[in-house]
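Spelled out, the chains give:
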Amino acid sequence: MQKEGNLTKGRKVNICLCFEEKNWCLLCHEAVSAVCDGPLVSNLPPSSFRSSSQLSSSHAPGFAKLNRRDGAGGWSPLTSDQYQWLEVDLGERTKLTAVATQGRYGSSDWLTSYLLMFSDTGHNWQQYRQEDSIGAFPGNSNADSVVQYKLQQPVIARFLRLFPLDWNPIGRIGLRLEAYGCPHTSDVVSLDGSSSLVYRLSPGLRRTSKEVVSLNLKTLRNSGTLLHAEGWGGLIIKIQLKQLDRLVLLSESHYVPITVGSTLYKVEDVILLLDDQHWHRVVLERQSAHLNLTVDKHTETVQIPAEFSHWDIEQGNVTFSCAEPVTIAVTFPGPQSFLQVPGPTVSTLGGLSVGFQFRTWNKVGLLLTFDLLQQGGVAWLYLSEARVQLQIHKDGTTLFPSPGSALNDGQWHSVDLNSRYGRFTITVDKKEGGVSSPSFPVTVGRQLFFGGKSGHCIMSINNSENCSNPFDIFQGCMRLLTVDNQPVDLIMVQQRLLGNYSHLQIDMCGITDRCSPSHCEHGGRCSQSWTVFHCNCSDTTVCQTCRHSSVYEQSCEAYKHNGNTSGHYYIDVDGSGPIKPQLVYCNMTENTWMVIQHNNSELTRVRPSPGVNQHLLYFDYSSEEEHLLAVISQSEHCEQELSYHCRKSRLLNTPEGSPFSWWLGGPGPGHLQTYWGGAQPDSQQCACGLQGDCVDPQHYCNCDADRTEWTEDSGLLTHMGSLPVRSLVLGDIQRPGSEATYRVGPLRCHGDKNLWNAAFFDKETSYLHFPTFHGELSADITFLFKTTSSSGVFLENLGIKDFIRIELSSSTQVVFSFDVGNGPLEVHVESSVPLNDNRWHRVRAERNVKEALLQLDELPAATQEAPADGHFHLQLNSQLFIGGTASRQKGFRGCIRSLQLNGVTLDLEERAKITPGVRPGCPGHCSSYGSLCLNQGHCVERASGFHCDCGLSAYAGVFCHTEVSASFKSDTSVSYTFKEPYEFIRNSSALPSSIYSDTTLRGENVSLSFRTNQSPALLLYVSSHYREYLALLINEYGEEGLEVRYKLDNNREAEVLTSSTRSLANGQLHTVAIQRVTNSVSVQVTHTHCSIYTVSRTSVLWSAQDESCFANFFFILLNYSKSPHHSFLSPDSDDLDPDLAKLASLGFIGCLSAVHFNSINPLKAALLHPDTSPIIIAGPLVQSSCGSSASANPYTAENTHHLSGTSEDLNTFSVIAVVIFVIVTGLAITARFLYRRKETYVNRDVKGVKERDSPDFPFNNQTDSQNVSSENPKEYFI
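In the annotation of an unreviewed UniProt entry, the entry for the chain reads Contactin associated protein like 3, and the organism field reads Monopterus albus. The chain has a UniProt comment under Subcellular location (unreviewed entry) that states "Membrane". One UniProt comment on the chain, placed under Sequence similarities (unreviewed entry), says "Belongs to the neurexin family."

Set out below in structure tokens:
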């Protein structure tokens, strides 16, 4: 039989689905009342009331009506304990909206808290939970006052049951109650296995952009088709209850989540535990291309391309009723829970047959225990790693595994344990396994214990004082218990007529699904036990437990201010918002650039296709759409290069024609743009048109001149509303002789408007206010502050009872406090240093359903666990106060910036502009970030951040941290020349300090790093106009120590200071630091102990102004060779110290890095700005990374030759190499012979040059032009 009807517009459809062995039931129409707050209990007859017991006939449950004084003035049970209850039968399914309680009239008997249960049948009770978590309702404080509680979510039920939890300690349980609501009617229909209801839209019904089908379902099974829908174009969608009690949307043929054509759409894990025989709300809603599936209060959304025009369910027999099978379950909530029932009544060879079903989230737990009477042992049936195990203990242990795994999935699983004729058999979910024959006969005791606790003596019938078991408690539900194939009547157990029990909830399954919906953030997978849930983050780099806040920064600018250098970083542009983190490249320069690549950023030749007049190109970016738009929105500046190189290929056809080429840019697919890089939007010009320098003044683009010579139109697109470039259309490419190339560069953005959004609060009574903060389930708050005050409130938002507050409670402590209904909680972090130091400090606070967290700067985060069954909705209703409170007390004085709530930045500056006592912005960043500028770099303040000026540093880079290094050959030298003395006098008022400085010194600060295999070797030579000098060298072979030679008096010999450090010519990186103050000199090599020397104080040719001054300098020399370029080095070249001249003539082969002499950085000047510095470079000078300590072998690649060709080529090369080796060896021996060391402390001759081949540092004396070119020398201007 088929039942059809019309689904008219606006009709509300509810469907009840009852899965039984061979039939289903389905429903329709629900009547809705406008007002639903009428009393429901006061007019009921006494027969509608039941209770667990009564103290006397005058204390019967029928007297438990609000404000009545009949009988003893209310209901009181015989015994006041936790097992008592009062039940009300409302006569029909009713919508409950509120409940009220009152104590027993004229007595000391009242409840202080209670649980509320409801049911459709008087069995299978379901507990009402506030916020899906709180079970207890607040009760009374006396016998007469009425306490009413409005249900947050109305309940539809016939039966109402109240369980007292606590009562007046000097009285007993006493109760009068009332329930409020209205009648609820609905059409209910039952279906057999093939039954269905068919609804067809009326032929004349106008189709709309929104269609909704809603229904209620109730079932004991975990699979079946709920709804079958057909739409245009063959679209078929099913809603199915499938396996793990999860509703999924399926296609008809593939049984996979939604499939439309060849496209797969997925909606999964909507909700668990739908097979609990309680009502669940299901709504399928289509709004244009969006399809929403809502189950109870959880919604999942997918996009679909088609619209529905027909809803259909397979045909079959229909019965308009809904059968309610009665199944009694029992809940084991805690460690004291157990159930004792009689064992087998007849024992044949120790026979036993026990069956039950259970469901749990725990992997472990004791299910069943029974004694072995004759053998004096005990048997345990338990869960271990979510598998059922049987262990028999008698003079040892025997273990019997069983089939099945992952039995902690929250589903019902059946277990049957049978013992017949000496054989044990365990069957799990109808799969037999675990068959074993013990070596002794088994006689089962007369009592069976379900659940129980390790060490609980009630587990043994012998009540032995030594009884124990090694298993964890079972927390879960059981039902359908059988012993010897006979069902166990749990209602008789509840009435104490059968067996025994403790701390059980009978006639209900109190399992709670804490993972649906999941509270895990950022892709974490939720798992749970009976009491808590956990977030598994192993498959994602983003999530941290269920924390709402992100572990990544929101911009490259933020990474820079954490001290990070250039590299790839994950950017979470909206913090805790829905946009996923993306990997981008951060180029840390003076402006910190975020670089987002696309699929083709190289210069590309246009290759037209035959018969196609236009060349169309699309650009796919490495970041998702939402991430791109958010980056552009929060950046201070974005740009993208757009270039077109052309020969007889016109571009925009300026000034008046229709453009041949254009591009699309901006949000979504982009908007049409007809201007080119370097020009303004809507101008139809190129950069040359804007600047007025096009090759043809008649056109606004160079390419529009249509010349046969190559030309180009290039520039930057900077209008942020037109970025990024989505696609490019090139038109004039098919004519004979037309050629073109194009380039669309990566998207580059710098600045972070959110990071520097700040406000200064100059009074304790000043504050900013914003709309109420909505962070009901999860709230994360981040900001930076700096202050000189010792206390003050950063943020506060109040509700009726709830609140949230972050404050500086003392000069070393920050406190995060809140109340969500469980009472005030505090999380605090103590700092070991004062926080009122006028430096920026970072605060991150988070509160979610699982925990609260507070982190200060880089200190370990402090956490506070939330109650497992407590309130978790934060309900606020006042304004959000920043920098103060509603009472204008304990306000904050100082700066707050980059304040974000749930990933949204509050615009403090705009609000501060219109608020008295608060100023926008907050300068003074170098006090906090100046320490990031290293190696004498100078911190420069900016309105938004800071900049490291490396002008006086020998280093470069964003933090003056990059060593400036160069590879030296034997004929390479760098000389830095000072001006003549008379020029200093004449031009003394105009000397840039970064290039020129005072040349008459009381002392020097000299530092450099080097790496070489050569000894002896001259590293640095500094000379004055008066033949005074400072020389830094590695002495001869055998010691390879460092020598510092000072000549401060032209009439005396140079004084030689020798470091105790040896073996410096070993190819490793060494650092030398020399400091002289008047006659005291300190020398430190690498990380060795600093040596202190004293030079002579009798020098008479020092500067006339000060006898401790080094006379006017003439030049600084790095490496000396016999190159003609060095003829200028002194007024008389013969005046160079002969000993040093011999040493310098050998040249230096190796690496020099970070050369610094007072404020002069000669090597950096030679490499990075040689054209603007008084620098002379001789020979090949190649910038290298050889000065990096991370590179232990920087020259291996430089000096490695890849040989190929015939054996004749190899033989020729070998002969040449042998000849060169012989020549070099001969020269080395000759040099060693000629320059022997003089045995004197004051003056030393050079014995020779040591060149050792080393696999770690393979130097050679050959000039390798090929390798020099491979270094790619670059110039940088800082």
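(A) Fine view of the overall build of the chain. Helix and strand counts for the chain come out as 11 helices and 86 strands. Sorting the 1278 residues of the chain into buried and exposed places 54% on the buried side. Residue pairs in contact within the chain that sit at least 24 positions apart in sequence constitute 69% of those at least 6 positions apart. A total of about 56200 Å² of accessible surface is found on the chain, and carbon and sulfur atoms cover 50% of it.

(B) Fine view of the confidence of the model for the chain. Taken residue by residue, the chain gives an average pLDDT of 77. The fraction at 70 or more is 73%. The model gives residues 244-271 a pLDDT under 50, and that stretch makes 97 contacts with residues more than four places away or in other chains.

(C) Here's a closer look at the side chain of T782. Its place among the elements puts T782 in strand β55 (residues 779-786). In contact with T782, not counting residues within four places along its chain, are V843, R844, S898, L899 and Q900.

(D) Representation of the nonpolar core. Residues Y644, W676, L728, L730 and L747 are the most contacted members of the largest nonpolar core, which totals 65 residues. Each residue touching W676, except ones within four places of it in the same chain, is listed here: L642, S643, Y644, L651, L652, W663, Q685, C686, D713, L717, L728 and L730. Listed in part, the 42 residues of the second largest apolar core include Y976, L1042, L1152 and I1160.

(E) How the structure looks around the sheet that holds strand β73 (residues 1003-1012). Pairing is antiparallel across the open sheet formed by 7 strands, whose spatial order is β81-β80-β79-β73-β83-β71-β85. A single partner strand is all that each edge strand has here, and the edge strands are β81 (1091-1094) and β85 (1181-1184). Shown here is a sheet whose adjacent strand axes are inclined to one another by a mean of 25°, direction ignored. The pairing of strand β71 (residues 965-968) with strand β83 (residues 1150-1157) spans 4 bridges and is classified as antiparallel. Across the sheet, residue S965 finds its bridge partner in β83, namely S1153.

(F) Examining the sheet that holds strand β59 (residues 825-830) more closely. Taken in spatial order, the 6 strands make up an open sheet running β54-β63-β56-β57-β58-β59, and their pairing is antiparallel. This sheet does not close on itself; its edge strands, each paired only once, are β54 (768-770) and β59. The average angle at which neighbouring strand axes cross in this sheet is 15°, direction not considered. Alignment of strand β57 (residues 803-810) against strand β58 (residues 813-819), held across 7 bridges, turns out to be antiparallel. Across the sheet, residue S810 finds its bridge partner in β58, namely Q813.

(G) Region of the structure containing the pairing of strand β28 (residues 377-384). The buried fraction of β28 is high, at 7 of 8 residues. Pairing of strand β27 (residues 365-372) with β28 involves 7 bridges; the strand directions are antiparallel. When the bridges of β28 are listed, L366 appears paired with Y382. As paired elements, β28 and strand β29 (residues 387-393) share 7 bridges and run antiparallel to each other.

About the criteria used
The numbers attached to residues start from 1 for each chain and follow its sequence in the written order. Local features are withheld for residues below a pLDDT of 70 in this predicted model, meaning they are given only at 70 or higher, and side-chain atom pairs are given and counted only at 80 or more; totals for whole chains, interfaces and linings count all residues. Hydrogens are left out, water is left out, and the side-chain values use all remaining heavy atoms of the structure. UniProt positions are given in the numbering used here, feature names are shortened, and annotations may be inferred rather than shown by experiment. Put simply, DSSP H or I for four residues or longer makes a helix, DSSP E for two residues or longer makes a strand, and each gets a number counted from the N terminus. A simple rule labels every residue: compare its accessible area, found with a 1.4 Å probe on the protein chains alone, to the largest value its type can have, and call it buried under 20%, exposed over 50%, or partly exposed in between. Only heavy atoms enter the contact rule, under which two residues are in contact if any of them lie within 4.5 Å. To measure how exposed things are, a 1.4 Å probe is used in the Shrake-Rupley method; for residues, cover is taken only from the protein chains shown. Confidence per residue, as judged by the predictor, is encoded in pLDDT with a range of 0 to 100. Throughout this description, the term nonpolar core refers to a set of buried Ala, Val, Leu, Ile, Met, Phe, Trp, Tyr and Cys residues connected via side-chain atoms within 4.5 Å. When DSSP locates at least two bridges between a pair of strands, those strands are taken to pair. The convention used is that axes are lines fitted to C-alpha atoms, helices contributing only their stretch in contact, and that angles between N-to-C directions extend from 0 to 180 degrees.

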